[in-house]
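Here is how the chains run, residue by residue.
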Amino acid sequence: MTLEQRYESAKELYKKIGVDTDAAIDKLKNISLSMHCWQGDDVKGFDQDGPLSGGIQTTGNYSGKARTPEELMADIDKALSLIPGKHRINLHASYAIFEDGEYVDRDKLEPKHFAKWVEFAKERGLGIDFNPTFFSHPKADNYTLTSSDEDIRKFWIEHGKACIRIAEYFANELDTHCLLNIWIPDGLKDVPADRLSPRQRYADSLDQILSIDYDKEKVLVSLESKVFGIGLESYTAGSAEFTMKYAASRGILSLMDNGHYHPTEMVSDKLPTMLLFDDKVALHVTRPVRWDSDHVVRLDDETKEIANEIVRNKATDRVLIGLDFFDASINRVAAWVIGMRNMQKALLGALLTPFEDLAKLQNEGNFTKLMVLQEELKLYPVGDVWNYFCKTNNVPVGEAWFNEIVEYEENVLSKR
Ligand code: RNT
Ligand code: ZN
């Protein structure tokens with residue numbers, strides 16, 4: 001059977017349960033994911049040469065990591081050429097590109113330091129999302145926006161403001177919104193004596209950052225929560241409650257990273273609540289293995305359930321889906337492709353599910369039939385639809401994309 005015949009036969013099967021595969025494919029094509037640039041170079045960036053700090057960690061030392069903007073851009077290009085659909089890239093402030101030996105510190109960053117990225121995005125029709133970088137910097141050794149040292153705190157407030165201006169520049173240049181996500185690592189290794197003051201300072205710092213004039217339609221600011229970081233196990237200023245309350249009270253977005261909750265808490269379960277009260281919610285889809293380890297996103301139960309919640313709540317344009325992982329133990333370009341394609345497969349699986357019928361069974365209390373269908377649907381031929389989607393979007397079908405990675409590793413990555 002050809003791939004097209006397989007698709008036709010899958011289409012018939014889905015039709016019998018009231019699912020239109022053509023419509024699902026159309027919808028999937030229009031869901032843009034934000035691909036995080038930092039998978040390509042182990043969250044290193046270009047503006048400093050120190051170690052990765054902030055309680056996050058990449059593990060592994062696979063060869064070929066990007067060392068320059070040109071290398072990172074080439075790797076992003078390679079990855080995107082193997083991922084169906086049109087996507088966005090997600091940059092950190094530490095990926096500023098200085099020209100002719102110029103250097104400014106993070107509080108003085110300007111749009112021009114990201115002009116190369118805009119050029120890159122324009123040529124490819126990509127949107128850009130952005131993040132201030134409150135880590136991997138000498139002034140971030142202790143605290144940033146919660147610091148009791150007013151000079152340090154001021155430095156980071158200025159960094160936040162500079163990033164809003166850069167985000168607005170991205171939005172204006174690329175004619176699409178820019179999600180500006182704020183995450184700080186600030187916390188304590190051991191039992192705090194004062195949990196409140198750092199949070200008061202954090203709220204004040206954020207208020208100062210957000211006080212600058214910016215176009216709120218174009219720049220969507222979000223705040224990301226966290227439970228703990230390495231060396232910061234006992235207290236995180238930007239806890240779930242802090243970020244959610246702050247975001248709600250100031251009219252900005254919450255960003256949920258599914259590595260940032262206690263192990264049995266599920267972001268999939270939180271999503272409908274967020275959608276009930278907020279117009280938009282942002283996600284960092286990742287895979288925590290025993291801790292916030294940022295493993296590559298797999299097509300696992302939670303990824304699928306996150307996709308289910310996005311789709312069955314008809315929120316594909318209200319949930320801003322970004323990926324966030326950094327694995328240095330495997331080919332980094334492959335890691336991007338695996339994670340992005342898996343998120344798309346999860347969304348496709350959701351788009352091929354007759355959720356209204358299932359919800360009806362739940363409402364009628366017919367839990368036996370509900371379970372039967374939920375389980376049977378797992379073996380429906382989603383793969384045939386996925387392969388057709390890949391082919392019609394001009395990217396390699398099935399595992400064939402990996403051949404291109406092998407070739408790229410041989411010709412490009414291994415020479416670095
Ligand atoms: C850290 C947060 C944050 C970072 C990136 C690099 O735990 O998840 O989003 O991973 O900003
Ligand atoms: Zn994150």
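Residues numbered from 1 in each chain as written. Chains lettered and ligands numbered in written order. Predicted model: local features only at pLDDT ≥ 70, side-chain atom pairs only at ≥ 80, totals over all residues. Heavy atoms only, no water.

## Focus on the coordination of the zinc ion (ligand 2)
Around the zinc ion (ligand 2), the protein contributes the donor atoms Glu 224 (OE), Asp 257 (OD), His 284 (ND1) and Asp 324 (OD), which lie 2.1 to 2.2 Å from the metal centre. Coordination at the zinc ion (ligand 2) comes from six donor atoms whose angles at the metal span 71 to 169°, giving a geometry best classed as octahedral. Here the donor residues of the zinc ion (ligand 2) share one chain and are spaced in sequence as E-x32-D-x26-H-x39-D. On the criterion of sequence distance, the pair formed by Asp 257 in strand β8 (residues 253-257) and His 284 in strand β9 (residues 281-285) is long-range, its members being 27 residues apart. With respect to burial, Asp 257 and His 284 carry one shared label: buried. (Donors = N, O, S within 2.8 Å, 3.2 Å for Na, K, Ca; no water. Tetrahedral: all angles 85-135°; square planar, octahedral: opposite > 155°, others 65-115°. Helix = DSSP H or I, 4+ residues; strand = E, 2+ residues; numbered from the N terminus. Buried < 20%, exposed > 50% of the residue type's maximum accessible area, 1.4 Å probe, protein only.)

## Observations concerning the site of ligand 1
Around ligand 1, the neighbouring residues are Trp 38, Ile 56, His 92, Trp 183, Glu 224, Lys 226, Asp 257, His 260, His 284, Asp 292, Asp 324 and Phe 326. Glu 224 places a side-chain nitrogen or oxygen 2.7 Å from an oxygen atom of ligand 1. In the model, an oxygen atom of ligand 1 is placed 3.2 Å from a nitrogen or oxygen of the His 284 side chain. Contact with the protein chains covers 99% of the free accessible surface of ligand 1, which is 310 Å². (Near = heavy atom within 4 Å. Polar contact = N/O pair within 3.5 Å; in protein donor to acceptor, adjacent residues only side chain to side chain. Areas by Shrake-Rupley, 256 points an atom, 1.4 Å probe, with all protein chains shown as cover.)

## As for the packing of aromatic side chains
All told, the structure shown has 16 aromatic pairs when counted by the stated rule. Between the aromatic rings of Tyr 7 and Tyr 388, the centroid separation amounts to 3.8 Å while the plane-to-plane angle is 5°, which identifies the pairing as stacked. Note that Tyr 7 is positioned in helix α1 (residues 3-16) and Tyr 388 in helix α13 (residues 382-392), a separation of 381 residues in sequence. The class of Tyr 7 is buried, set by a relative accessible area of 1%. Accessibility expressed as a relative area gives 21% for Tyr 388, which makes it partly exposed. Here the aromatic rings of Trp 401 and Phe 402 are separated by 6.1 Å at their centres, their planes lie at 85°, and the arrangement is edge-to-face. The exposure class assigned to Trp 401 is buried, which follows from its relative accessible area of 11%. (Phe/Tyr/Trp six-rings, centres within 6.5 Å; stacked < 30°, edge-to-face > 60°.)

## Some details on the packing of helix α2 (residues 21-29) against helix α10 (residues 332-351)
Remark: α2 packs on α10, axes separated minimally by 9 Å, with the N-to-C direction vectors making an angle of 145°. Between α2 and α10 lies a crossing of right-handed hand. For the pair α2 and α10, the contacting residues are Ala 24, Lys 27 and Leu 28 in the first and Gln 344, Leu 347, Leu 348 and Leu 351 in the second. (Axes fitted to C-alpha atoms, helices over the stretch in contact; angles between N-to-C directions. Left-handed = near helix turned anticlockwise from the far one by under 90°. Contact = heavy atoms within 4.5 Å.)

## Describing unusual backbone geometry
Positive phi outside glycine occurs at Asp 42, with the angle close to 60°. If you trace the backbone, Asp 42 turns up in the loop between β1 (34-36) and α3 (69-80). Note on Asp 42: relative accessible area 10%, which makes it buried. A positive phi angle is found at Ser 136, which is not glycine, with a value near 50°. Looking at where Ser 136 falls in the secondary structure, it is placed in the loop between β3 (127-131) and α5 (150-174).

## Observations concerning the pairing of strand β4 (residues 178-182)
The element β4 is largely enclosed, with a buried count of five among its five residues. The two faces of β4 match: Cys 178, Leu 180 and Ile 182 on one face and Leu 179 and Asn 181 on the other face are all buried. In this sheet, strand β6 (residues 219-224) lies alongside β4 in parallel orientation, the contact comprising five bridges. Bridge pairing links Asn 181 to Ser 222 in β6. (Pairing = 2+ DSSP bridges.)

## Let's talk about helix α8 (residues 267-277)
The complete set of buried residues in α8 reads Val 267, Ser 268, Lys 270, Leu 271, Met 274 and Leu 275. Projected down its long axis, α8 carries its buried residues within an arc of 145°, all on one side. Opposite the buried face of α8, at more than 90 degrees from it, the exposed residues are Asp 269, Leu 276 and Phe 277. Turning to α8, the residues buried within the fold contact α7 (240-250), β8, β9, α9 (301-312) and β12 (319-323). (Arc of directions from axis to C-beta.)

## Some words on the nonpolar core
Counting 125 residues, the largest nonpolar core has Ile 76, Phe 114, Trp 117, Phe 130 and Phe 170 as the members making the most contacts within it. The contact partners of Ile 76, leaving out residues within four places of it in the chain, are Met 35, Cys 37, Ile 89, Trp 117, Phe 120 and Trp 336. (Core = buried A, V, L, I, M, F, W, Y, C linked by side-chain atoms within 4.5 Å.)

## Some points on the environment of Glu 224
As for its placement among the helices and strands, Glu 224 is situated in strand β6. Taking the C-alpha atoms as reference points, Glu 224 and Ala 247, 23 residues apart in sequence, are found 9.6 Å from one another. Once residues within four sequence positions are removed from consideration, Glu 224 is found in contact with Asn 181, Ile 182, Trp 183, Gly 238, Thr 243, Leu 255, Asp 257, His 260, His 284 and Asp 324. In this structure the side chain of Glu 224 is engaged in a polar contact, spanning 3.5 Å, whose partner is the side chain of His 260.

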